[in-house]
Amino acid sequence: MSVIRELSLEFKGNRNYLHGTDIYEAMTSIASSTQNGYVQKILFRKPALRQLSVLDSSPCDSGDVIAQVHICSGAESAEPFRLWLVERDERVSERYTYDEARISDACLLDEVGKRISKERDDAFSLIEEIVASHKVLCNALFSDGDVHWLFSQLDLGVEMPTEVQELSIVNRSFLSGRMVVSEIVLDGIHVGSIRFIRS
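What this report covers is the structure whose coordinates are included nearby. This is a predicted model, so every value here is computed, not measured. (Residues numbered from 1 in each chain as written. Predicted model: local features only at pLDDT ≥ 70, side-chain atom pairs only at ≥ 80, totals over all residues. Heavy atoms only, no water.)

Once that is clear, we can look at the overall build of the protein chain. The secondary structure content of the protein chain amounts to three helices and 13 strands. Against the 2.2 N^0.38 benchmark of 16 Å for 199 residues, the protein chain shows a C-alpha radius of gyration of 17 Å, consistent with a compact globule. Over its C-alpha atoms, taken along the principal directions, the protein chain stretches across nearly 50 × 40 × 35 Å. A buried classification covers 48% of the 199 residues belonging to the protein chain. (Helix = DSSP H or I, 4+ residues; strand = E, 2+ residues; numbered from the N terminus. Rg over C-alpha atoms; globule rule 2.2 N^0.38 Å. Buried < 20%, exposed > 50% of the residue type's maximum accessible area, 1.4 Å probe, protein only.)

Structure, rendered in structure tokens:
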């Protein structure tokens, strides 16, 4: 087991944990620069309160794992390889502003179809818009009071495109009253799924 990268991230908005969208972006950068690939799957096990290190194998104590990431390399026949993220002894000292309401306010909700859609806003990353839109959908369909949703998993069948005009999130299931599973549709094309956990 060895450390292949130490991430240096900031808290997003008023959150006191590192947000999954920023972790995803950091891992996408690693995938692109080292393997000419992309993040095929990211599974979050618990919130990250400190800075993260990226490992090339699982730590001895599985309870230390913040997230597990599957990287699909550029080679068509290659199997995805895994990376693990763990906290290191370095606090998060910086924070940046994040106007999530701008994304939420632009969402168009279809409660009957369990779908939410919006036009792309280049002020945000695509993953930020996907996650924020899914949060709006979860609140509309499944919240009954003060509920907190956590981005818990992303599965992609293809690499996320760089040019997108419209995104839609379509709910498919609500498991055990706690996990929401929805499909991601970009410009009419299904690219993967996203999961949130109700905390």
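Alright, that's what it looks like, and here's the rest.
It is worth spelling out the side chain of Arg198 at this point. Of note, Arg198 is situated in strand E13 (residues 189-198). At a separation of 3.4 Å, a polar atom in the side chain of Arg198 contacts the main-chain carbonyl oxygen of Phe142. Ignoring any residue separated from it by four or fewer positions in sequence, one finds Arg198 in contact with Phe142, Asp144, Val147, His148, Trp149, Phe174, Gly177 and Arg178. (Polar contact = N/O pair within 3.5 Å; in protein donor to acceptor, adjacent residues only side chain to side chain. Contact = heavy atoms within 4.5 Å.)

A sheet is described by the order of its strands in space; here eleven strands give the open sequence E1-E4-E6-E5-E3-E10-E13-E12-E11-E9-E8, paired in antiparallel fashion. Bordering the open sheet on either side are strand E1 (3-6) and strand E8 (108-110), each of which pairs with just one other strand. Here the average twist between neighbouring strands, direction ignored, is 25 degrees. Pairing of strand E9 (residues 115-119) with strand E11 (residues 166-175), which is carried by five bridges, proceeds in the antiparallel orientation. Counted as the bridge partner of Ser117 is Ser168 from E11. (Pairing = 2+ DSSP bridges. Axes fitted to C-alpha atoms, helices over the stretch in contact; angles between N-to-C directions.)

Time to look at the packing of aromatic side chains. Enumeration according to the criterion identifies five aromatic pairs in this entry. By the ring-pair criterion, three or more aromatic residues cluster together here, those being Phe44, Phe151 and Phe196. Sitting over the face of the ring of Tyr98, Lys12 holds its NZ or CZ atom 4.6 Å from the ring centroid. (Phe/Tyr/Trp six-rings, centres within 6.5 Å; stacked < 30°, edge-to-face > 60°. Lys NZ or Arg CZ within 6 Å of the ring centre and 35° of its normal.)

Time to look at the pairing of strand E6 (residues 81-91). Where strand E4 (residues 50-55) lies against E6, five bridges are found, and the strand directions are antiparallel. When the sheet's bridge partners are listed, Ser53 is paired in E6 with Val86. Both strand E5 (residues 65-72) and E6 contribute to a ladder of six bridges, which runs antiparallel. Of the residues in E6, the one forming a bridge with Gln68 is Trp84.

Moving on, we get to the pattern of salt bridges. Where charged atoms of side chains with opposite charge meet at close range, the side chains can pair. Going through the model one piece at a time under the given rule, you end up with eleven salt bridges. Between Lys12 and Glu128 there is a salt bridge, and its shortest N-O distance comes to 2.6 Å. Residue Lys12 is found in strand E2 (residues 11-12), and its partner Glu128 is found in helix H3 (residues 126-142); the two are separated by 116 residues along the sequence. For Arg102, the salt bridge is made with Asp121, and the minimal N-O distance between the two is 2.7 Å. In this pair, Arg102 sits in helix H2 (residues 100-105) while Asp121 sits in the loop between E9 and H3, placing the two residues 19 residues apart along the sequence. Since its relative accessible area comes to 44%, Arg102 is described here as partly exposed. A single salt-bridge network, built from bridges that share partners, covers Glu6, Arg88 and Glu90. (Salt bridge = Lys/Arg side-chain N within 4 Å of Asp/Glu carboxyl O.)

Turning our eyes to something else, we now look at unusual backbone geometry. In this structure, Lys114 takes a positive phi of about 50 degrees despite not being glycine. Locating Lys114 in the fold gives a position in the loop between E8 and E9. Judged by its relative accessible area of 38%, Lys114 falls in the partly exposed class. Within the chain, Ser176 stands out as a residue other than glycine whose phi angle is a positive 55 degrees.

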